[in-house]
Amino acid sequence: VQLQASGGGLVQAGGCLRLSCAASGRTFSRYGMGWFRQAPGKEREFVAAISGSGGSTYYVDGVKGRFTISRDNAKNTVYLQMNSLKPEDTAVYYCAAARVWHATIWSRRDIDYWGKGTQVTVSS
């Protein structure tokens, strides 16, 4: 599975962005999909995940109510809608695929495939 993230950019605080992650292959729906982010000087951290069917989602507390993860299995794409952005959301965002679904915070050990990141910068 190859993953390609896009949609990052520069936005003012309070604004919104939608990230997309396109996946190759015919087994996309078998993978749970997630988003991680890494700010300068910090560890990569989990943001959100969605099950293969799209029926289950999980978010880290800091983005609940502001971010929404979704997927379109017909298009092999997962999305992260980010609203009410804050400067602390500034990071490189990575999409990830995992064969095993976990309705909890994902660790890097859970990930089978990573996409290249896309930069999100939120100005104050």
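Scoring rules and cut-offs
- Per chain, the residues get numbers from 1 upward, laid out in the order the sequence is written.
- In keeping with the model being predicted, local features are shown solely for residues with a pLDDT of at least 70 and side-chain atom pairs are shown and tallied solely at 80 or more, while totals for entire chains, interfaces and linings include all residues.
- Values reported for side chains reflect all heavy atoms of the structure, with hydrogen atoms and water molecules removed beforehand.
- By nonpolar core we mean a set of buried residues, namely Ala, Val, Leu, Ile, Met, Phe, Trp, Tyr and Cys, connected to one another through side-chain atoms within 4.5 Å.
- The buried label goes to any residue with under 20% of its type's maximum accessible area, the exposed label to any with over 50%, and the partly exposed label to all in between, with areas taken from a 1.4 Å probe on protein chains only.
- A run of H or I in DSSP becomes a helix once it reaches four residues, and a run of E becomes a strand once it reaches two; helices and strands are each numbered from the N terminus.
- Each pair of strands is called paired provided DSSP finds at least two bridges between the two strands.
- What counts as an axis is a line fitted to C-alpha atoms, over the stretch in contact for a helix, and the angles between N-to-C directions run from 0 to 180 degrees.
- Cysteine sulfur atoms are paired as a disulfide whenever they come within 2.5 Å of each other.

## Thoughts on the nonpolar core
So, step 1. Met 33, Trp 35, Leu 80, Met 82 and Tyr 93 are the most contacted members of the largest nonpolar core, which has 29 residues in total.
So, step 2. Elements with a contribution of two residues or more to this core: β1 (3-6), β3 (17-23), β4 (32-38), β5 (45-50), β7 (67-72), β8 (77-82), β9 (91-98) and β11 (118-123).
So, step 3. The next biggest cluster of nonpolar side chains, apart from the first, holds seven residues, and it includes Phe 36, Ala 49, Trp 106 and Ile 111.

## With respect to the sheet that holds β3
So, step 1. Read from one edge to the other, the open sheet built from four strands follows the order β1-β3-β8-β7, with strand pairing classed as antiparallel. In this open sheet, the two strands that pair with only one neighbour each are β1 and β7. Taking the axes of each pair of neighbouring strands and ignoring which way they run, one obtains an average angle of 15 degrees across the sheet.
So, step 2. Note that β3 and β8 share six bridges and pair antiparallel. The partner of Ser 20 across the bridge, within β8, is Tyr 79.

## Brief notes about the state of the cysteines
So, step 1. In this structure the tally under the stated criterion is one disulfide.
So, step 2. The disulfide partner of Cys 21 is Cys 95, and the gap between their sulfur atoms is 2.1 Å. Since a negative S-S torsion denotes a left-handed disulfide, the Cys 21-Cys 95 link at about 55 degrees is right-handed. Linking Cys 21 in strand β3 with Cys 95 in strand β9, this pair joins segments that are 74 residues apart in sequence.

## A look at unusual backbone geometry
So, step 1. The phi angle at Asn 76 is positive, at roughly 50 degrees, despite the residue not being glycine.
So, step 2. By the element assignment, Asn 76 lies in the loop between β7 and β8.
So, step 3. The backbone phi angle of Ser 84 is positive, close to 50 degrees, even though this residue is not glycine.
So, step 4. With respect to the secondary-structure elements, Ser 84 resides in the loop between β8 and β9.

## Looking at the pairing of β11
So, step 1. Of the two faces of β11, only one is covered, namely that formed by Thr 118, Val 120 and Val 122; the face formed by Gln 119, Thr 121 and Ser 123 stays uncovered.
So, step 2. Note: strand β2 (residues 9-12) against β11, four bridges, orientation parallel. Each residue of the ladder has a partner; that of Val 11, found in β11, is Val 122.
So, step 3. In this sheet, β11 lies alongside β9 in antiparallel orientation, the contact comprising three bridges.

Structural measurements only, silent on function.
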